[in-house]
Amino acid sequence: DAGVIQSPRHEVTEMGQEVTLRCKPISGHDYLFWYRQTMMRGLELLIYFNNNVPIDDSGMPEDRFSAKMPNASFSTLKIQPSEPRDSAVYFCASTRAGPGNEQFFGPGTRLTVL
Amino acid sequence: SQKIEQNSEALNIQEGKTATLTCNYTNYSPAYLQWYRQDPGRGPVFLLLIRENEKEKRKERLKVTFDTTLKQSLFHITASQPADSATYLCAPPCGSARQLTFGSGTQLTVLP
């Protein structure tokens, strides 16, 4: 298995532009998570899906952020419009159903908003 | 509110020694706790899970303890090697059993 795949690996954009991050979870995994990591705040959960349905989006910082999972093998995290404070590494992770199952993380997307 | 604290931001030890990392939690009682390793530029990788009814868990040179009275988990790496240098994150569940709350991490450096 290729593991969790994220694209792009690096994104540099200007303030006000729309940014779309993509994730392909591991086949057969029921849960997908989007995290953001910064030096100041560490690794924060933004939103997670179960069987393609958003379950908890309380970590999404504001309305500029949105996430979708149109099918079991693809999810997007969109920021519109982007701001410099959105600069961070964004990780996608997936896991199987069952409490305590380990999460498998992708390599992350490093986003820089100028 | 639930709070996770890892003992220090950075820990330097000599090769061959045992590294001990601490994770303290407050205001709740997690049913389990996971530990992850993160290397620079990469996503976290799962290492071990310990449940509340387990005092200790081992995997090769790794050992994790879980003290529900002290609300603390200790993560030990015995016979440490420079390749063990990384950031280690503890992660108890938060809310539903599917969600994890990650500590800020401890950056371990093993000096040759």
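Residues numbered from 1 in each chain as written. Chains lettered and ligands numbered in written order. Predicted model: local features only at pLDDT ≥ 70, side-chain atom pairs only at ≥ 80, totals over all residues. Heavy atoms only, no water.

### Concerning the overall build of chain A
When helices and strands are counted, chain A shows zero helices and eleven strands. Secondary structure of chain A in N-to-C order comes out as β-β-β-β-β-β-β-β-β-β-β. For a compact globule of 114 residues, the expected C-alpha radius of gyration is about 13 Å, and chain A comes in at 13 Å, within 12% of that figure. With the C-alpha coordinates of chain A rotated into their principal frame, the extents come out at 40 × 30 × 30 Å. Residues classed as buried in chain A amount to 46% of the 114 residues present. Carbon and sulfur atoms provide 49% of the accessible area of chain A, an area that totals close to 5700 Å². Both charge centroids of chain A, one from 11 positive and one from 13 negative side chains, sit 4 Å from each other. (Helix = DSSP H or I, 4+ residues; strand = E, 2+ residues; numbered from the N terminus. Rg over C-alpha atoms; globule rule 2.2 N^0.38 Å. Buried < 20%, exposed > 50% of the residue type's maximum accessible area, 1.4 Å probe, protein only. Areas by Shrake-Rupley, 256 points an atom, 1.4 Å probe, with all protein chains shown as cover. Lys, Arg positive; Asp, Glu negative; His and termini not counted. Charge placed at Lys NZ, Arg CZ, Asp CG, Glu CD.)

### Here we look at the sheet that holds strand β8 (residues 74–79) of chain A
Residue and element names in this part refer to chain A. With antiparallel pairing, the four strands of this open sheet are ordered in space as β1-β3-β8-β7. What marks the edges here is a single partner per strand, and that holds for β1 (5–7) and β7 (65–71). Taking the axes of each pair of neighbouring strands and ignoring which way they run, one obtains an average angle of 15° across the sheet. Note: strand β3 (residues 19–24) against β8, five bridges, orientation antiparallel. Across the sheet, Leu21 pairs through a bridge with Leu77, a residue of β8. (Pairing = 2+ DSSP bridges. Axes fitted to C-alpha atoms, helices over the stretch in contact; angles between N-to-C directions.)

### Focus: the pairing of strand β3 (residues 19–26) of chain B
All names here are of chain B. Pairing geometry for strand β1 (residues 3–6) and β3, over four bridges, is antiparallel. Its bridge partner being in β3, Gln6 is matched across the sheet by Cys23. Where β3 meets strand β8 (residues 72–77), six bridges bridge the pair, whose relative direction is antiparallel. If you follow Ala19 over to β8, its bridge partner there is Ile77.

### Focus on the sheet that holds β3 of chain B
Residues and elements named next belong to chain B. Spatial strand order, β1-β3-β8-β7-β6: five strands in an open sheet with antiparallel pairing. Lying at the two open borders of the sheet, with one neighbouring strand each, are β1 and β6 (56–59). Between one strand and the next, the sheet's axes are offset by a mean angle of 15°, whatever the strand orientation.

### Looking at the packing of aromatic side chains
Evaluation of the coordinates by the stated rule reveals 14 aromatic pairs over all chains. The interplanar angle of 80° and the centroid separation of 6.0 Å between the aromatic rings of Phe105 of chain A and Tyr36 of chain B together place this pair among those described as edge-to-face. Placement of the pair is Phe105 of chain A in strand β10 (residues 104–105) and Tyr36 of chain B in strand β4 (residues 32–38), with the two residues belonging to separate chains. Given a relative accessible area of 12%, Phe105 of chain A falls into the buried group. (Phe/Tyr/Trp six-rings, centres within 6.5 Å; stacked < 30°, edge-to-face > 60°.)

### Details of the interface of chain A and chain B
Size of an interface, as often reported, equals the accessible area lost when the parts are brought together. Contacts between chain A and chain B engage 19 residues on the former and 17 residues on the latter. Summing the contributions of chain A and of chain B, the shared interface buries around 1500 Å²; its carbon and sulfur component is 53%. For the interface between chain A and chain B, the tally reads zero salt bridges. At the surface where chain A touches chain B, the tally comes to four residue pairs in polar contact (both at pLDDT 80 or more). Ranked by the residues each element gives to the side of chain A that touches chain B, the list is headed by strand β4 (residues 31–38) of chain A, at four residues. (Contact = heavy atoms within 4.5 Å. Buried area = accessible area lost by both parts, 1.4 Å probe. Salt bridge = Lys/Arg side-chain N within 4 Å of Asp/Glu carboxyl O. Polar contact = N/O pair within 3.5 Å; in protein donor to acceptor, adjacent residues only side chain to side chain.)

### Topic: the state of the cysteines
Think of a disulfide as a covalent bridge from one cysteine sulfur atom to another cysteine sulfur atom. This structure, assessed with the given rule, holds two disulfides over all chains. Between Cys23 of chain A and Cys92 of chain A runs a disulfide, and the two sulfur atoms are separated by 1.8 Å. Its S-S torsion of approximately -65° makes the covalent link between Cys23 of chain A and Cys92 of chain A left-handed. Placement of Cys23 of chain A in strand β3 and of Cys92 of chain A in strand β9 (residues 88–95) is noted, with a sequence separation of 69 residues between them. The same class applies to Cys23 of chain A and to Cys92 of chain A, which are both buried. A sulfur-sulfur distance of 2.0 Å marks the disulfide that ties Cys23 of chain B to Cys90 of chain B. One quick way to see it: the torsion about the S-S bond of Cys23 of chain B and Cys90 of chain B is about 65°, and its sign makes the bridge right-handed. In this pair, Cys23 of chain B sits in strand β3 while Cys90 of chain B sits in strand β9 (residues 86–91), placing the two residues 67 residues apart along the sequence. Given a relative accessible area of 0%, Cys23 of chain B falls into the buried group. (Disulfide = S-S within 2.5 Å.)

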